[in-house]
Amino acid sequence: VSEARSTDPDEGGTRGEPIRVMVVDDHEVWRHGIRADLEGSGVGVVVAEAADGGEAIEAAREAMPDVVLMDLQLPTVSGTEATRQIVEESPHVRVLVLSVSGEEADVLEAMKAGATGYLLKSSTAGEVTDGVRRVALGEPVFTPSLAGLVLQEFRRLSSRDPSEPGLTARENEVLRLVAKGYVYREIAERLFISVKTVQNHVQNILSKLQLHRRYELMRYAIQKGLDRGPE
Amino acid sequence: MHEGRQAFESEPERARRTLSGGVLLFRWVSFVWMALLNLASTEPFRRPLLAWAGIGAAGLWTAWLTSSRSRRRRDRPVTLAVDLALSATLVLISGLVVQPDQVIGGPRLFYATAYPLSTALAWGSAYGLAGALESAVVLGAALALSRAVNGISPASLDRGQILSLVNGIVNYLLAGGVAGVVSRHLDRSAVQLRAAVDDSIRSRERAARLDQHRSMARAIHDSVLQALAFISKRGSELASASPVDPAQVADLAELAGREERELRALILREPEDAPAGAASLRAALEALARAVARLPVTVSSMGPIWVPARLAETVAAAVGQALDNVVEHAGATRAAVFADVQDGWVEVSVRDDGEGFTYSEDRLRLEGKAGMLESMKGRIEDLGGRMRVHTAPGAGTEVEFRVPVRPEEAPRE
């Protein structure tokens, strides 16, 4: 599939080589469009396509992409579940969720399951290629609506149990500005910090979100274990 | 819904149950009085067996009415008819069981005493004034006949005897009439209350339907309309291409089919439930955002944000003006609306990535550009809130509104 490439996949996207991208979507038209945009811009090369979640998990093992563009509404295995399995098997793979608006609750689950970014399907070709470039570098890509959802999620978690590790005041401020529509550069200017620091804050927010999910799973497992326990 | 209505007992319905219980209590008292009077009488019965059979029947009947717990059974037409027949019989046989010429004015008091009054009450309570009249007619006729049965000819009735007869009939009428008036009043209240409850249920259902309509419109807009626009554009491109690639046409057909299924799924989705009198600020803002055609507007809201409908309307109007401003003057490529509610304050911000400007209300006023700004500000300040503008040349603009959810009890900032 990728005759054009001869580089080591581990270096993908870091030194100007096209990023290895896998496109997961049940619309063939959509996959073709993404391929044209990515390859036309020179940012990425599509190394695999999948039409459902099960296929995506298989194809990710074979093709070893750097970035997976993931739709959420998929037949067989959902996009969220596929994200979880792909990231678990290959933690270096970055998943960028592409979905229509109104699916934000699913997007939040996908982020918790290990996705690095989220863009609306109505985004322009430039925004998608830029998003691919950024997640390949490990930078979380948040839309304002996703930032709002994450903010809500942390609020829910801290109202349920104030002792749980929540967001710091600064992280809260950064996330709120993302939700208001500010980009990282603007946030940096407004808070008198560097863009890199803003990125770190967002990165930490995402890590905490994913950590929470692991806590929840662990707590659930322990509870189950205790229930079965002594007898 | 019907089950819900049956389980619900209104104030008038409860009062009606009390009335029915009161009639039953009166029946017991009058029965005991009847038995005691007859036991205490010095005058022997003409037909003791018939007399005690009558009193026994009244006792059994009262006991049965008490044991049949359900109010509905007590108010059944059959039950009421049997009751009337029994009372009329008691009145009638009073002429047979006492000595001749003794029904009126003798040493024995009236045999049936007050027991038939409970029948008049029951009829009035069940059938209203008409029922009271019907039972009084039957009981009155029985009363008149009891005189004849006792051997008193109508012609020989003296003035006192006629008055006593009329008095008895009037008593039945009065008892039934009072119960009838009370019961009619209760029925009317029950009907009015039922209508009020129905009304409120209907208006809630209407609000839910509207809400469902809005959320469906939103969902259709987000996915299906997008796809249709794409299909239309791609279709006309293909039509002018030659040769036409069959695979691309098949792609389009497949997309259309998929959207059809998505639309079907949407139609089956349950709507969100709105609290009474409240509107979702998120829904209002999303509707505004959709109406902006010239640039993409995203809405990020901390939940549905239920607020009083007037507040949602006013805030949305101000946000609409801010968005108009962005479209007309900002030179922006996108705008974002953010809404949050915390500690009793609603916060909404409208942010664009446009040119920005040096913000000075005085200068805007001098340049005659302050009209829109002051109108927005006025709306928000009327709600007890405030407006702030963050902007600088080249840095875009953020207009921020803060409004107390309940203006009358606004928490201090």
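As the structure is a computational prediction, the values presented were derived from the model and not from experiment.

Enquirer: Help me understand empty space enclosed by the protein in this model?
Expert: Rolled over the atoms, a probe sized like a water molecule indicates the empty space that remains. Residues and elements named next belong to chain B. One pass over the structure, following the stated rule, counts four cavities of 30 Å³ or more. When its volume is computed, the largest cavity comes out at roughly 120 Å³. Contributing to the lining of the largest cavity are Ser-20, Val-23, Leu-24, Arg-27, Leu-65, Arg-74, Asp-75, Thr-79, Leu-80, Asp-83, Ala-122 and Ser-125. Every element with two or more residues in the lining of the largest cavity is listed here: helix H2 (11–40), helix H5 (77–97) and helix H6 (115–149).

Enquirer: Any chance you could explain the pattern of salt bridges here in plain terms?
Expert: Two side chains carrying opposite charge are able to pair once their charged atoms lie near each other. Applying the stated rule across the entire model yields 32 salt bridges over all chains. When the shortest N-O distance is used, the salt bridge between A:Glu109 and A:Lys112 registers 3.6 Å. Taken together, the positions of A:Glu109 and A:Lys112, both in helix H4 (residues 104–112) and three residues apart, correspond to about one turn of that helix. A salt bridge links B:Arg234 to B:Glu237; the nearest nitrogen and oxygen atoms lie 2.7 Å apart. Remark: B:Glu237 and B:Arg234 occur in helix H7 (residues 159–240); sequence separation between them is three residues, near one turn of the helix. Overall, the relative accessible area of 22% leaves B:Arg234 in the partly exposed class. By relative accessible area, B:Glu237 is classed as partly exposed at 35%.

Enquirer: Got a minute to help me understand the packing of aromatic side chains in this structure?
Expert: Ring pairs (aromatic) are described by centroid distance and by the angle formed between their planes. Scanning the model with the defined rule gives five aromatic pairs over all chains in all. With centroids separated by 5.7 Å and ring planes inclined at 90 degrees, the aromatic side chains of B:Phe45 and B:Trp52 adopt a geometry described as edge-to-face. Residue classification places B:Phe45 among the buried positions, given a relative accessible area of 10%. Arranged with centres 6.1 Å apart and planes meeting at 90 degrees, the rings of B:Phe45 and B:Tyr111 form a pair that is edge-to-face. With B:Phe45 in the loop between H2 and helix H3 (48–67) and B:Tyr111 in the loop between H5 and H6, this pair connects stretches of sequence that are 66 residues apart. Pair check on accessibility: B:Phe45 and B:Tyr111 agree, each one buried. Among the aromatic residues, ring-to-ring pairing joins B:Phe45, B:Trp52 and B:Tyr111 into one connected group. The ring of A:Trp30 has A:Lys121 sitting right over it, with the charged end atom 4.9 Å from the ring centre. Above the plane of the ring of A:Tyr182 lies B:Arg351, whose end atom (NZ or CZ) is 3.9 Å from the centre.

Enquirer: Is there a simple way to explain the side chain of A:Lys180 in this structure?
Expert: Structurally, the position occupied by A:Lys180 is in the loop between helix H7 (169–179) and helix H8 (184–191). Assessed through its relative accessible area of 6%, A:Lys180 is described here as buried. Apart from residues lying up to four places away in sequence, A:Lys180 is in contact with B:Ala336, B:Phe338, B:Glu347, B:Ser349, B:Arg351, B:Glu398 and B:Glu400.

Enquirer: Quick question: what am I supposed to make of the interface of chain A and chain B here?
Expert: How large an interface is tends to be reported as the accessible area lost when its parts come together. Taken together, the 21 residues of chain A in the interface contact 26 residues of chain B. Buried surface at the junction of chain A and chain B, both sides included, amounts to about 2,100 Å², of which 46% is carbon and sulfur. When the buried area of chain A at its contact with chain B is split by residue, A:His27, A:Val29 and A:Lys180 rank highest and sum to 28% of it. A:Arg190 is the salt-bridge partner of B:Glu398, the closest N and O atoms lying 3.0 Å from each other. On the surface where chain A and chain B come into contact, there are 13 residue pairs in polar contact (both at pLDDT 80 or more). Counting residues per element, the side of chain A that touches chain B draws most heavily on helix H6 (residues 144–160) of chain A, at six residues. Here the residues of the side of chain A that touches chain B sort into five nonpolar, eight polar and eight charged.

Enquirer: Please clarify how helix H9 (residues 281–291) of chain B should be interpreted in this entry.
Expert: Residues three or four positions apart in an α-helix share a direction because the helix packs 3.6 residues into each turn. For H9(B), the full list of buried residues reads B:Leu281, B:Ala283, B:Leu285, B:Glu286 and B:Ala289. One side-chain oxygen of the residue at the start of H9(B) lies 3.4 Å from the amide nitrogen of B:Arg282, identifying that residue as B:Ser280.

Enquirer: Explain the pairing of strand E4 (residues 335–342) of chain B to me, please; I cannot follow it from the model alone.
Expert: Along any regular strand, the residues point their side chains to alternate faces of the sheet. Residues and elements named next belong to chain B. Of all the eight residues making up E4, six are buried; the element is thus mostly covered by neighbouring parts of the structure. When strand E2 (residues 297–301) meets E4, the two strands line up parallel, connected through five bridges. When the sheet's bridge partners are listed, Ser-301 is paired in E4 with Ala-339. Pairing between E4 and strand E5 (residues 345–352): eight bridges, direction antiparallel. Bridging across to E5, Val-337 finds its partner in Val-350. Taking the residues between adjacent antiparallel strands as the criterion, E4 and E5 are bridged by two residues, where Asp-343 takes a positive phi near 50 degrees.

Enquirer: Would you mind going over the sheet that holds strand E2 (residues 44–50) of chain A with me for this structure?
Expert: Backbone hydrogen bonds are what pair the strands of a sheet, in a parallel or an antiparallel way. Residue and element names in this part refer to chain A. Read from one edge of the open sheet, five strands run E2-E1-E3-E4-E5, paired in parallel fashion. The open sheet terminates on both sides in strands that have one partner only, identified here as E2 and strand E5 (117–120). Sheet twist, expressed as the mean angle between neighbouring strand axes with direction ignored, is 25 degrees. Of the pairings in the sheet, the one linking strand E1 (residues 19–24) to E2 comprises six bridges and is parallel in character. Paired with Ile-19 across the two strands is Gly-44, which belongs to E2. The strands that helix H1 (residues 28–41) touches are E1, E2, strand E3 (67–70) and strand E4 (94–99); relative to E2, the one it contacts most, it runs at about 165 degrees.

So, how was this worked out
- Residues numbered from 1 in each chain as written.
- Chains lettered and ligands numbered in written order.
- Predicted model: local features only at pLDDT ≥ 70, side-chain atom pairs only at ≥ 80, totals over all residues.
- Heavy atoms only, no water.
- 1 Å grid on protein atoms, 1.4 Å probe; cavity = no way out; pocket = protein on both sides within 12 Å on 5 of 7 lines; lining within 4 Å.
- Points joined across faces, edges and corners; volume = space filled by probe spheres on them.
- Helix = DSSP H or I, 4+ residues; strand = E, 2+ residues; numbered from the N terminus.
- Salt bridge = Lys/Arg side-chain N within 4 Å of Asp/Glu carboxyl O.
- Buried < 20%, exposed > 50% of the residue type's maximum accessible area, 1.4 Å probe, protein only.
- Phe/Tyr/Trp six-rings, centres within 6.5 Å; stacked < 30°, edge-to-face > 60°.
- Lys NZ or Arg CZ within 6 Å of the ring centre and 35° of its normal.
- Contact = heavy atoms within 4.5 Å.
- Buried area = accessible area lost by both parts, 1.4 Å probe.
- Polar contact = N/O pair within 3.5 Å; in protein donor to acceptor, adjacent residues only side chain to side chain.
- Nonpolar A, V, L, I, M, F, W, Y, C, P; charged D, E, K, R; others polar.
- Pairing = 2+ DSSP bridges.
- Axes fitted to C-alpha atoms, helices over the stretch in contact; angles between N-to-C directions.

None of this, on its own, says anything about what the molecule does.
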